[in-house]
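# Architecture at a glance
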Protein chains: 2
Amino acid sequence: MKARILDGKKLALTMQGELANDVNRFVDQHRIRPGLATILVGENHPGRLYVKNKIRACEAVGIHSVHRELSGKCSTQDIVEVIHRLNQDPTVHGILIQLPLPKHLDEDTIIETVNPMKDVDGFGPASLGLLAAGRPRYLACTPYGVMQLLARHDISTVGKHVVVVGRSNIVGKPLALILVQKGIDATVSVCHSRTSNVANFTRQADIVVMAIGQAEFLRANMIKPGAVVIDVGMNRRADNSWTGDVAFAEVAEVASAITPVPGGVGPMTITMLLYNTLQAARLHQAQVKI
Amino acid sequence: MKARILDGKKLALTMQGELANDVNRFVDQHRIRPGLATILVGENHPGRLYVKNKIRACEAVGIHSVHRELSGKCSTQDIVEVIHRLNQDPTVHGILIQLPLPKHLDEDTIIETVNPMKDVDGFGPASLGLLAAGRPRYLACTPYGVMQLLARHDISTVGKHVVVVGRSNIVGKPLALILVQKGIDATVSVCHSRTSNVANFTRQADIVVMAIGQAEFLRANMIKPGAVVIDVGMNRRADNSWTGDVAFAEVAEVASAITPVPGGVGPMTITMLLYNTLQAARLHQAQVKI
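Rules used throughout
Residues numbered from 1 in each chain as written. Chains lettered and ligands numbered in written order. Predicted model: local features only at pLDDT ≥ 70, side-chain atom pairs only at ≥ 80, totals over all residues. Heavy atoms only, no water. Helix = DSSP H or I, 4+ residues; strand = E, 2+ residues; numbered from the N terminus. Expected span 1.5 Å × (residues − 1). Domains from an automatic or database assignment. Buried < 20%, exposed > 50% of the residue type's maximum accessible area, 1.4 Å probe, protein only. Pairing = 2+ DSSP bridges. Contact = heavy atoms within 4.5 Å. Buried area = accessible area lost by both parts, 1.4 Å probe. Salt bridge = Lys/Arg side-chain N within 4 Å of Asp/Glu carboxyl O. Polar contact = N/O pair within 3.5 Å; in protein donor to acceptor, adjacent residues only side chain to side chain. Nonpolar A, V, L, I, M, F, W, Y, C, P; charged D, E, K, R; others polar. Axes fitted to C-alpha atoms, helices over the stretch in contact; angles between N-to-C directions.

This part takes up helix H6 (residues 141–152) of chain A. Compared with the 16 Å implied by 1.5 Å per residue over twelve residues, the 16 Å span of H6 of chain A between its first and last C-alpha is a close match. One or two steps after H6 of chain A, the chain reaches aspartate 154 of chain A, where phi turns positive at roughly 55°.

Next up on the list: the domain arrangement of chain A. Under the domain assignment used here, chain A contains domain 1 (32–115) and domain 2 (141–266). Summarising the inter-unit geometry, the C-alpha centres of domain 1 of chain A and domain 2 of chain A are found 28 Å apart.

So, on to the pairing of strand S6 (residues 187–191) of chain B. Across the five residues that make up S6 of chain B, a large majority, five, are buried. Neither face of S6 of chain B is open: one carries Thr187, Ser189 and Cys191 of chain B, the other Val188 and Val190 of chain B, and all of them are buried. Pairing between strand S6 (residues 187–191) of chain A and S6 of chain B: three bridges, direction antiparallel. Paired with valine 188 of chain A across the strands is valine 190 of chain B, a residue of S6 of chain B.

Before going further, it helps to spend a moment on the interface of chain B and chain A. How big an interface is tends to be reported as the loss of accessible area on association of its parts. With 34 residues of chain B at the contact, the number on the chain A side is 34 residues. For the pair chain B and chain A, the two sides together bury roughly 2800 Å², of which 50% comes from carbon and sulfur. Seen at the junction of chain B and chain A, the total is eight salt bridges. A salt bridge links aspartate 185 of chain B to arginine 194 of chain A; the shortest N-O distance between them is 3.6 Å. Taken together, chain B and chain A are joined by 24 residue pairs in polar contact (both at pLDDT 80 or more). Sorting the residues of the side of chain B that touches chain A by element identifies helix H4 (107–113), helix H5 (125–132), helix H7 (172–179), S6 and helix H8 (198–202) of chain B as the ones contributing at least two each. Class assignment for the residues of the side of chain B that touches chain A results in 13 nonpolar, 13 polar and eight charged.

The next thing to look at is the pattern of salt bridges. The final tally for this structure, using the stated rule, is 20 salt bridges over all chains. For glutamate 112 of chain A, the salt bridge identified is with arginine 135 of chain B, shortest N-O distance 2.6 Å. Note that glutamate 112 of chain A is positioned in helix H4 (residues 107–113) and arginine 135 of chain B in the loop between H5 and helix H6 (141–151), a pairing that runs across two chains. Measuring nitrogen to oxygen at the nearest pair gives 2.9 Å for the salt bridge that ties glutamate 18 of chain B to arginine 152 of chain B. A residue pair is termed long-range when its members are at least 10 positions apart, and glutamate 18 of chain B in helix H1 (residues 8–30) and arginine 152 of chain B in the loop between H6 and strand S5 (161–165) qualify at 134 residues. The exposure class of glutamate 18 of chain B is partly exposed, given its relative accessible area of 30%. Judged by relative accessible area, which is 37%, arginine 152 of chain B ranks as partly exposed. What emerges from the salt-bridge pattern is a single network uniting Asp108 and Glu112 of chain A together with Arg135 of chain B.

Turning our attention to the sheet that holds strand S3 (residues 64–70) of chain A. Residues and elements named next belong to chain A. The strand order across the open sheet formed by three strands is S3-S2-S4, and the pairing between neighbours is parallel. The sheet is open, and its two edges are formed by S3 and strand S4 (94–97), each paired on a single side. Going from strand to strand, the sheet's axes swing by 20° on average, the running direction of each strand aside. Bridging between strand S2 (residues 35–41) and S3 involves seven bridges; their strand directions are parallel. Residue pairing in the sheet places leucine 40 in a bridge with glutamate 69 of S3. On the sheet, helix H3 (residues 76–88) packs against S2, S3 and S4 and is oriented at approximately 165° with respect to S3.

Written out as structure tokens, the structure reads:
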């Protein structure tokens, strides 16, 4: 294998170690612990394990966590009331609603009920709007994690052609908005299910980011030799193991650097959630002082 | 010349005629006239003529307009107070602040003071955020005008490669966000001053949108035969005449369709401002009814 492995698990541990120090300093200074609330709706939620990992990661860096569970039969209004209480709670600086929500609920209303100052997921329209306006408050966690993976491995984006495959509100669109900002300065192409020839784009990319949720979609003949490949996909195989949107073994022979799945972008997403929570606590503290 | 001219002046007149009917119906139904407030700051503002044209266009379609002028020496707080009053005014549904503002003023604060329901320019973070989240309230007027120019000339964007040159908050970024939405379905590349080889991108485009403010930057050898070329640029020549970002005469020999400057995107921008103002009045009316 030729490619350098961009080890997200290792980087996440390093960054969580740094963050634990920052959290300690914050607690010493302000006598308040940053707090994250997680909300899980539904009994057999596929994201239960993620939420557990997030809570565990909070504990590891010294962030206080509270958890709310609602029945899968609850109403939009039930969740809205839970969020209102968390919005008011001064010990909670970030609120995370584990998606997806049961189909009968109004996801947009629920996401928008979160106080924008506590939108540490960075999915809410207020966070997206500030990002689009060029002065982000909270970056969406997965794009933020992708940017950190690149930066901490000294992979510059300036003047590079970055092809983002996927146009979700959670990854593709916010990542494209980050990449075109001044100082980041990538030339960005966004491909998706209606793109007529995805390979024509990925073959021209200096950096490819795959975020479509199709197992091993990106093959070795779809990239330029030496390209950097970031795999956001998490797809369950028949044998219950995980694979990304990239055919890892063969692409790693052509790429110069590549993220594994698992152990690539995933741990970075959680880490950036923790960073956003500390940032939310700082912003809260700055407001309180005024 | 081979290219079809996408005549924005003509289309704007047609659409303003349609809009005048819609405004009449709205007034008949609700006994309220849609209203637009314009704010101009500074004595020798380069946008004075634009504001005049906007006010005249309002009158032509039956939109009530109010105009506020402030001295170039006023403070951010002075403008904020004017905006607060307009935010409260039930006869004003849209508020337009003519940019640029004098350098000593806090443009972000001023733009964000506008009630998001009255942000008919579509520049504010709330409008950008809803667009990024896939459920726009007000589209920024220039990108909206570009989309109308394409749609009304039966130029589909589905599966097309659209290269947007320019990454401003007013044109490039919101246009890219519109183009990748489901149903619009373009594959989008965003180029800018740090792109290493712009021609390499524009040559691959089915549709090129130029929005960088550099006179006649796009030459005939930089596009693919048959491409559609949209010119958002407005650059003043030494003789005081206007030219776009496209070398019109030569590009029109290669393109299949092209917008002139003036008379292309410019009149569409004003028209979409009027559409957004009627839309704001409708949303206001819908709220009042609840």
